[in-house]
Amino acid sequence: MAKVKERYTVAAASELEEQGRKIVEVNGIELGVFYVNGVYKAWRNICPHGAAPVCVGRVCGTRLPSMVYEYKYGRDQEILRCPWHGWEFDLLTGVHLADETVKLRGYEVEVEDGQVYVRV
């Protein structure tokens, strides 16, 4: 039988829209809750590479595939870069940019009446 996930209030929607992210603790688990391109996402604050607090890393863009000696930048404000070793993750999917088998652990996010909730 599947365990029922409880819903926890983590932020006001307006707070996340203004600040872009918030680090919270829910039921003993530290999460980074992000507002990215109109979407709310919650990721566990542990990098799968070295257990770093990944959600405090830089939110930025990345280099896009391009020709040799040509450097195209894109996906601005959609990439989370781990503060310890620079691993880059897609904030919308949690997938590592260089190795699709590596992913951040995500949690379901709901928005209701101006409040952001996470199910854990």
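Because the structure is a prediction, the values reported are computed rather than measured.

1. Comments concerning the packing of aromatic side chains
Tallied over the entire structure, the rule returns one aromatic pair. Their ring planes at 55° and their centres at 4.9 Å tell us that tyrosine 35 and tyrosine 40 sit as a pair that is tilted. Of note, arginine 7 hangs over the ring of tyrosine 117, and the distance from its end group to the ring centre comes to 3.7 Å.

2. Observations concerning unusual backbone geometry
Excluding glycine, residues mostly carry a negative phi; peptide bonds, for their part, are mostly trans. One non-glycine residue, alanine 51, lies in positive phi territory at about 65°. In this fold, alanine 51 is placed in the loop between β4 (39-44) and β5 (58-64). Judged by relative accessible area, alanine 51 falls into the exposed class, the value being 52%.

Scoring rules and cut-offs
Residues numbered from 1 in each chain as written. Predicted model: local features only at pLDDT ≥ 70, side-chain atom pairs only at ≥ 80, totals over all residues. Heavy atoms only, no water. Phe/Tyr/Trp six-rings, centres within 6.5 Å; stacked < 30°, edge-to-face > 60°. Lys NZ or Arg CZ within 6 Å of the ring centre and 35° of its normal. Helix = DSSP H or I, 4+ residues; strand = E, 2+ residues; numbered from the N terminus. Buried < 20%, exposed > 50% of the residue type's maximum accessible area, 1.4 Å probe, protein only.

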